[in-house]
Amino acid sequence: MSEDINVPSTENFYNNTVLSLPLANWSGSPDLPMSAVNALETGKVIFLPNLNFSLTREELQLLDPAIVDPKRKNISYQPLKKRIAGVATKEHEPAIAALLERHYHACLQLIAAIFPEYQQTLHTPTNSLRLHPVAQWTNNTSWRKDDRRLHVDAFPSRPNYGERILRIFTNINPGTENRSWRVGETFPTLAQKFLPRLKSYSPFLSKLQNSVGITKSLRSHYDHLMLQLHDAMKADADYQKNGPQIAIEFPPGSSWACFSDGTPHAAMGGQFMLEQTFLLPVDAMKDPQHAPLKILESLMNKTLI
């Protein structure tokens, strides 16, 4: 993909894409606006420039890409199951699990502070520790897995039947390197643009994929469309270069959050990041009509689940 990308920097586009909150404590502040949910649900990135996640001296020693299993892109941790994967050597697992457990609990505090509506319904938490430079895990991969290309998140093997993908990120780089993103247009505009290009859904193919183990459950019409959208965006070189988008820099010591299934994004650079993922049922949203599921159903005038 060409690195010559047309990234506008207009103040209006930024304001429509990002909500910045002056939060410096994971448990919130009396001066914080009551809720950021409206901005989140309409596709904005919630940027927390002062929300640092401090590492101990021992934890800083874990910021070494050699700790990651060579067969894996990242280290992952399921806090409710106490299950860790992707660590190259067993001796590092307890310390990394403790770090990810601590970040998970910090994220729960953050949710209580700025997304209180979701506290009782968020589920399936998974945390990840990303130690490689972005370029390292994108240079030697297929275009479908190249996250430097604008995309919305979808799970190829784990259909989620419309549930939202809430992700909370923290740049833990011990130096001065930003996490660099591009963020694109709103999901309704994106869907209208790409929907005519997407392949038709085949229930038979969905059953076949499930029967041979390609998917862990039947892929719904919705999940099919989201995967098709993910691929169509990444495959469109002109859209990647000239589509509506803006560059955002997340410096060390900052955090940010978005619904990554509805906010087009691309990771362009950076190293060392924590990422906490939750799933949220559509009917638990403040306004379910902002969910990609509801938007796609409205555009197609049919039920997709």
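Provided above is the structure to which this section pertains.
Residues numbered from 1 in each chain as written. Predicted model: local features only at pLDDT ≥ 70, side-chain atom pairs only at ≥ 80, totals over all residues. Heavy atoms only, no water.

A. The arrangement of the pattern of salt bridges in detail. Applying the stated rule across the entire model yields 14 salt bridges. Note that glutamate 59 is salt-bridged to arginine 102, the shortest N-O span being 2.7 Å. Taken as a pair, glutamate 59 in helix α3 (residues 57-60) and arginine 102 in helix α4 (residues 93-114) lie far apart in primary sequence, 43 residues in all. The buried category is assigned to glutamate 59, whose relative accessible area is 10%. Given the relative accessible area of 34%, arginine 102 is considered partly exposed. Here glutamate 275 ties to arginine 130 by a salt bridge, and the two come within 3.1 Å at their closest N and O atoms. With glutamate 275 in strand β11 (residues 273-280) and arginine 130 in strand β5 (residues 123-130), the pair connects residues that are 145 residues apart, well separated along the chain. Judged by its relative accessible area of 13%, arginine 130 falls in the buried class. Among the charged side chains, a network of salt bridges with common partners joins Arg130, Asp153, Arg167 and Glu275. (Salt bridge = Lys/Arg side-chain N within 4 Å of Asp/Glu carboxyl O. Helix = DSSP H or I, 4+ residues; strand = E, 2+ residues; numbered from the N terminus. Buried < 20%, exposed > 50% of the residue type's maximum accessible area, 1.4 Å probe, protein only.)

Note that all results are geometric; they support no functional claim without further evidence.
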